[in-house]
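# Structural characterization, general
What follows is each chain in one-letter form.
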Amino acid sequence: MQENTCCIFGHRTINETEELRAKITEAVEKLITDEKVDTFLFGSKSRFNSLCLELVTELKEKYPHVKRIYVRAEYPYISEHYKSYLLESYEDTYYPEKIINSGRAAYVERNYEMIDNSRFCIVYYDKQNAPSIRKSGTKIALDYALKKQKHIIVLPTETANV
């Protein structure tokens, strides 16, 4: 899955602007056309994820081969009804077996799973608005992606190819 895959993660709250929407759309389209990315991995609990899902879905009209996959950090086993609901927005969903019994670390472990299975990452990380009390989940995931030498697009302002 890794070669043609991009994971998406970021802060729960974002400064949503038309400029940000345009940057995301441009980055995703460039990955599809220039890098042959055909699979996007999404998490949950973040406005950035929701926005990216919306924009990838719009681009899917132009690039119907693109797949959207929801990587769950909750509910290792889901009903057919819930799965059908998820498949209205995604082509597939799964729960990484290795995060079973992760407890509060499930979201961190899920993000690691997405990063491990991707060549590219689109990340919303705003250092100025990141939580100061504890290390943010986004920062933990970004540090991991850097360590794993992924190609990273950091928004809202910075692009870093590692």
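Residues numbered from 1 in each chain as written. Predicted model: local features only at pLDDT ≥ 70, side-chain atom pairs only at ≥ 80, totals over all residues. Heavy atoms only, no water.

## A short note on the nonpolar core
Here is the rule: By convention a nonpolar core is built from buried Ala, Val, Leu, Ile, Met, Phe, Trp, Tyr and Cys residues, the set being connected through side-chain atoms within 4.5 Å. Each residue's exposure class comes from its accessible area (1.4 Å probe, protein chains only) as a fraction of the maximum for that residue type: buried when under 20%, exposed when over 50%, partly exposed otherwise. Secondary structure follows DSSP: runs of H or I at least 4 residues long count as helices, runs of E at least 2 residues long count as strands, and numbering of each begins at the N terminus. The contact rule is simple, with two residues in contact once any of their heavy atoms fall within 4.5 Å.
Grouped together as the largest cluster of nonpolar side chains are 29 residues, with contacts concentrated most on Ile24, Phe40, Phe48 and Ile122. If you list the elements that add at least two residues to this core, you get β1 (5-10), α1 (18-34), β2 (39-42), α2 (47-60), β5 (120-124) and β6 (151-155). Counting residues per element, this core draws most heavily on α2, at 7 residues. With near-sequence residues (within four places) excluded, Phe48 lies in contact with Ile8, Phe9, Gly10, His11, Ile14, Ile24, Ile122, Val123, Tyr124 and Leu155. Grouped together as the second largest cluster of nonpolar side chains are 16 residues, Val71, Ile115, Ala145 and Ile152 included.

## Side note on the packing of helix α4 (residues 106-116) against helix α5 (residues 137-147)
Going by this rule: Axes, fitted as lines to C-alpha atoms, cover a helix only where it is in contact. Angles between the N-to-C directions of the axes lie from 0 to 180 degrees. Just so you know how the angles are binned, under 35 degrees is roughly parallel, over 145 roughly antiparallel, 65 to 115 roughly perpendicular, and the rest oblique. Should the near helix be turned counterclockwise from the far one by less than a right angle, the crossing is left-handed, whereas a clockwise turn marks it as right-handed. The residue classification treats Ala, Val, Leu, Ile, Met, Phe, Trp, Tyr, Cys and Pro as nonpolar and Asp, Glu, Lys and Arg as charged. All others, Gly included, are polar.
Between α4 and α5, whose axes approach to 10 Å, the crossing angle comes to 30°. In terms of axis orientation, α4 runs roughly parallel to α5. Like other packed secondary-structure pairs, α4 and α5 cross with a definite hand, here right-handed. Along its contact with α4, which presents Val108, Asn111, Tyr112, Ile115 and Asp116, the element α5 presents Gly137, Ile140, Ala141, Tyr144 and Ala145. Looking at the contact of α4 with α5 residue by residue, the classes come out as 7 nonpolar, 2 polar and 1 charged.

## A few points about the packing of aromatic side chains
Convention followed: Pairing of aromatic side chains requires ring centres within 6.5 Å, counting the rings of Phe and Tyr and the six-membered ring of Trp. Pairs whose planes differ by under 30 degrees are stacked, by over 60 edge-to-face, and all others tilted.
By the definition in use, this model includes 6 aromatic pairs. Summarising the aromatic geometry, the rings of Tyr82 and Tyr85 are spaced 6.1 Å apart at their centres and angled 20° between planes, so their arrangement reads as stacked. Remark: Tyr85 and Tyr82 occur in helix α3 (residues 80-86); sequence separation between them is 3 residues, near one turn of the helix. With centroids separated by 4.0 Å and ring planes inclined at 20°, the aromatic side chains of Tyr112 and Tyr144 adopt a geometry described as stacked. Taken together, the residues span a long stretch of sequence, with Tyr112 in helix α4 and Tyr144 in helix α5 at a distance of 32 residues.

## Thoughts on the pattern of salt bridges
Where charged atoms from two side chains of opposite charge approach closely, those side chains can pair. Heads up, the rule is: What makes a salt bridge here is a side-chain nitrogen of Lys or Arg within 4 Å of a carboxyl oxygen of Asp or Glu, nothing more.
What the rule picks out here adds up to 17 salt bridges. The partner of Glu29 in a salt bridge is Lys62, with the nearest N and O atoms 2.8 Å apart. Remark: Lys62 occurs in the loop between α2 and β3 (67-71) and Glu29 occurs in helix α1; sequence separation between them is 33 residues. Ionic pairing is found between Asp143 and Lys139, a salt bridge with its closest N-O pair at 2.8 Å. Within this pair, Asp143 and its partner Lys139 are both found in helix α5, separated by 4 residues, close to a single helical turn. Among the charged side chains, a network of salt bridges with common partners joins Glu16, Arg21, Arg47, Glu54 and Glu58.

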